[in-house]
Amino acid sequence: MRAEKAGLRIFKRFLMAFSQLFVRSFIALVGMGLFLAGPARAADLSDDSASILAGNCVNCHGPSGRSLSAIPTIRGVNEEQLRVRLMAFREGRDAGVTVMTRLMKGYDADQIAALAKWFAKDRAP
Amino acid sequence: MTGLSRRRILGSLAAGSVALAAPSIVRAGAGSARVVIVGGGFGGATAARYLKLRAPQLRVTLIEPARRFYTCPFSNLYLAGLRSWESIGHGYDGLRGAGVELVHAQAEDVDTRLRTVRLSTGQTLGWDRLVLSPGVDMRWNALEGYDEAASLLAPHAWKAGPQTQLLRRQMEAMEQGGTFVMVIPENPFRCPPGPYERAAMLAHYFSRHNPRAKILLLDAKDNFSKKGLFQQGWKALYGDMIEWVGLTDDGQVTRVDAKALEVQTAFGQVHKASVLNVIPPQKAGFIAERAGVVDASGWVPVKAESFETQRVAGIYALGDATIAAPMPKSAFVANTQAKLAAAAIVAELTGRVPPVASYANTCYSLLAPGYGISVAGVYRAEQGGIAEVPGSGGVSPANADAAFRAAEAAYGESWYAAICADIWGR
Ligand SMILES: Cc1cc2nc3c(=O)[nH]c(=O)nc-3n(C[C@H](O)[C@H](O)[C@H](O)COP(=O)(O)OP(=O)(O)OC[C@H]3O[C@@H](n4cnc5c(N)ncnc54)[C@H](O)[C@@H]3O)c2cc1C
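Engineer: How should I be thinking about the overall build of chain A in this particular structure?
Structural biologist: Looking only at helices and strands, chain A has five helices and zero strands in total. Per-residue burial over chain A gives 47% buried out of 125 residues. In chain A, the share of contacts with a sequence separation of at least 24, taken over all contacts with a separation of at least 6, comes to 63%. Total accessible area on chain A stands at roughly 6,800 Å², and carbon and sulfur atoms take up 62% of it.

As structure tokens, then:
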């Protein structure tokens, strides 16, 4: 019984280490501009939670992400392009960027994927 | 409720067309619950808009005495002559159009047992959920000699309105080569970078109209938001016009004589001003105290994951009135808190899983036309409170080039247009 539990623990730890490694190498891959790893999963974030993340963006990027000014529109941008761009901001590799690097460091890969998915669709808010 | 049907309902809510078929809203009353919001500023007006967006048949009532709201953000640009007064005013027709009921009155008291709020008109409104976003009130006399009457001689101009216009008139009338003295409080107070942006905007004005003027900042602290960037910018743009004196160098003012336009510091130095701008210590707007949601500090403790007050269930508080450190008391923050609270309220009323909290801030400060700086942060709820997401946020780089500063000046203006459209526009 105990041995079984210990075994399970080790297995779980292995799984965790493996998945961390996976996430890291995934980020690194995206970081290199190779998107072979495919889109991150936005699935475990509810729509409600995604809408909250999106709410943080629209008070600069315009209502629903449709800009009225010098700041780019993000509504209706291709999901994968937006995700890759946001990840690049997060990794701080985009020259001449002012605030987006500082902001995107506040979100993980899943949240960024959820944001890309949210803004790709044509909807409010 | 399954994820799928939740999505379906949300989808229809977002479209704003299909009525919300949710059990506990039905439970709460005849088809819909009523949310009353006190304060039509950045927090309250956002909450009203987003409650209606999320749950169109919710009854949402916004109580705000002013028919036109003048924003503190960009009021420093008005002082500088870079913005007209009307360009920082916003009406409530957009919110009315979104289905929000406007009541132009002051909320005077809250009965938490009967769940009512009493208005200056004598009217009493019932609520299922109450949202308070009253902003700040000044702590009159916390600084000796500075009360409401004194503010008519030495304006604070820390609520946009007649105070701001009075200060501008005093700037215009200031004698050539005179000294503008600004008194700055300890933390926490509304808009941590605000006094220092104001200093730059005053310098912009004086450098054109009163080039020998001096601006003396007497500060009760040794550190302030974006300090390095401000000091660098002041020097580069205005030479020695702005002098900042911190706590250690006897910058803390302890007594104000508004008639004589004099202030006295902790160690007894007296400074005489040509124009005196006193930003006094602050507290949550009085209605928060009436509702019994403030603690001994004068501010409102809230739950980090919903902005429901810790003291009274069913009452939410937003914006400057709350204790939300490390988030600053900014308009941007009030807006993101309001969106979260609106979602939390709708989730609660409809028996859905509440959203995961996320909040953000970007405060732009303008030092001169084409010269902007920023501070940003992303925040989340963690056990026991609010925390900045590690590694996120921070200030603009020191020694960035002119193009960078120009971009941030332009983005600051874009931010203002976007947030005002998000709240009052559309
Ligand atoms: C000079 C200056 C510059 C600033 N610049 C920026 C900036 O660039 N960016 C930024 O993000 N923030 C800025 N701020 C901060 C920003 O103004 C506040 O953080 C923001 O207004 C907070 O929103 P709020 O909803 O808490 O309060 P407010 O926006 O002040 O709204 C409160 C409203 O409640 C109403 N009210 C109060 N009591 C009652 C009552 N009893 N009944 C009915 N109504 C009531 C008031 O009339 C008011 O309309 C600045 C502040 C100042 C002073």
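Engineer: Would you mind going over the overall build of chain B with me for this structure?
Structural biologist: Regarding its fold elements, chain B presents 11 helices and 25 strands. With the C-alpha coordinates aligned to their principal axes, the bounding extent of chain B is approximately 70 × 50 × 40 Å. Every one of the 426 residues in chain B was classed for burial, and the buried ones make up 59%. Residue pairs at least 24 apart in sequence account for 65% of intrachain contacts in chain B once pairs closer than 6 positions are excluded. Carbon and sulfur atoms form 52% of the exposed surface of chain B, whose accessible area is close to 16,000 Å². Each charge class in chain B was averaged separately, 43 positive and 36 negative side chains, and the resulting centres sit 8 Å apart.

Engineer: Help me out: how do you make sense of the sheet that holds strand E15 (residues 262-265) of chain B in this one?
Structural biologist: Pairing between the strands of a sheet is mediated by backbone hydrogen bonds and can be parallel or antiparallel. Residue and element names in this part refer to chain B. Across the sheet, which stays open at both edges, the three strands sit in the order E14-E15-E16 with antiparallel pairing between neighbours. Every interior strand has two partners, whereas the edge strands, strand E14 (253-257) and strand E16 (270-272), have only one. Adjacent strand axes in the sheet meet at a mean angle of 20 degrees when their direction is disregarded. Pairing of E14 with E15, which is carried by four bridges, proceeds in the antiparallel orientation. Its bridge partner being in E15, valine 256 is matched across the sheet by valine 263.

Engineer: Help me understand the sheet that holds strand E17 (residues 275-278) of chain B in this model?
Structural biologist: Residue and element names in this part refer to chain B. Ordered in space as E13-E12-E11-E17, the four strands form an open sheet in which the pairing is parallel. With partners counted over all chains shown, the strands left at the sheet margins are strand E13 (242-245) and E17, one partner each. Sheet twist, expressed as the mean angle between neighbouring strand axes with direction ignored, is 15 degrees. Bridge count for strand E11 (residues 179-184) against E17 is four bridges, and the pairing is parallel. Residue pairing for E17: phenylalanine 180 is matched across the bridge by valine 275. Of the strands in this sheet, strand E12 (214-219) and E13 touch helix H8 (residues 227-238), which is tilted by about 150 degrees from E13.

Engineer: Quick question: what am I supposed to make of unusual backbone geometry here?
Structural biologist: Most of the time, phi is negative for any residue but glycine, and the peptide bond is trans. All names here are of chain B. A cis amide bond links asparagine 187 to the next residue, proline 188, at an omega of -5 degrees. Turning to its location among the elements, proline 188 is positioned in the loop between E11 and helix H7 (194-209). Cis geometry marks the peptide bond from alanine 325 to proline 326; its omega dihedral reads 10 degrees. Turning to its location among the elements, proline 326 is positioned in the loop between strand E21 (322-323) and helix H10 (331-350).

Engineer: What is the right way to look at the packing of helix H2 (residues 47-61) of chain A against H10 of chain B in this model?
Structural biologist: Relative orientation and spacing of two packed helices are given, respectively, by the angle between their axes and the distance between those axes. The N-to-C vectors of H2 of chain A and H10 of chain B enclose an angle of 145 degrees; their axes lie 10 Å apart at closest approach. The crossing of H2 of chain A and H10 of chain B is right-handed. Where H2 of chain A abuts H10 of chain B, its residues Ile52, Gly55, Asn56, Val58, Asn59 and Cys60 of chain A lie against Phe332, Asn335, Thr336, Lys339, Leu340 and Ala343 of chain B. Looking at side-chain class alone, the contact of H2 of chain A with H10 of chain B contains six nonpolar, five polar and one charged residues.

Engineer: What is the right way to look at the packing of helix H3 (residues 42-54) of chain B against helix H11 (residues 402-423) of chain B in this model?
Structural biologist: All names here are of chain B. Where H3 meets H11, the closest approach of the two axes is 8 Å, and the angle between their N-to-C directions is 55 degrees. As judged from the angle between their axes, H3 and H11 are oblique. Counted together, Phe42, Ala45, Thr46, Arg49 and Tyr50 of H3 and Ile419, Ala421, Asp422 and Ile423 of H11 form the full contact between these two elements. Considered class by class, the residues forming the contact of H3 with H11 number six nonpolar, one polar and two charged.

Engineer: Would you take a moment to explain the interface of chain A and chain B for this structure?
Structural biologist: Accessible area lost during the coming together of the parts is what is often quoted as the interface size. Taken together, the contacts link 29 residues of chain A with 47 residues of chain B. Contact between chain A and chain B buries roughly 3,000 Å² in total, counting both sides, with carbon and sulfur atoms accounting for 62%. Here chain A and chain B share three salt bridges between them. Linking arginine 54 of chain B and aspartate 48 of chain A is a salt bridge whose minimum nitrogen-to-oxygen distance equals 3.2 Å. Taken together, the connections running from chain A to chain B amount to 14 residue pairs in polar contact (both at pLDDT 80 or more). Where the side of chain A that touches chain B is concerned, the elements lending two or more residues are H2 and helix H4 (100-104) of chain A. The element that contributes the greatest number of residues to the side of chain A that touches chain B is H2 of chain A, accounting for 12 residues. By residue class, the composition of the side of chain A that touches chain B is 14 nonpolar, 11 polar and four charged.

Rules used in this analysis
- Residues numbered from 1 in each chain as written.
- Chains lettered and ligands numbered in written order.
- Predicted model: local features only at pLDDT ≥ 70, side-chain atom pairs only at ≥ 80, totals over all residues.
- Heavy atoms only, no water.
- Helix = DSSP H or I, 4+ residues; strand = E, 2+ residues; numbered from the N terminus.
- Buried < 20%, exposed > 50% of the residue type's maximum accessible area, 1.4 Å probe, protein only.
- Contact = heavy atoms within 4.5 Å.
- Areas by Shrake-Rupley, 256 points an atom, 1.4 Å probe, with all protein chains shown as cover.
- Lys, Arg positive; Asp, Glu negative; His and termini not counted.
- Charge placed at Lys NZ, Arg CZ, Asp CG, Glu CD.
- Pairing = 2+ DSSP bridges.
- Axes fitted to C-alpha atoms, helices over the stretch in contact; angles between N-to-C directions.
- Left-handed = near helix turned anticlockwise from the far one by under 90°.
- Nonpolar A, V, L, I, M, F, W, Y, C, P; charged D, E, K, R; others polar.
- Parallel < 35°, antiparallel > 145°, perpendicular 65-115°, else oblique.
- Buried area = accessible area lost by both parts, 1.4 Å probe.
- Salt bridge = Lys/Arg side-chain N within 4 Å of Asp/Glu carboxyl O.
- Polar contact = N/O pair within 3.5 Å; in protein donor to acceptor, adjacent residues only side chain to side chain.

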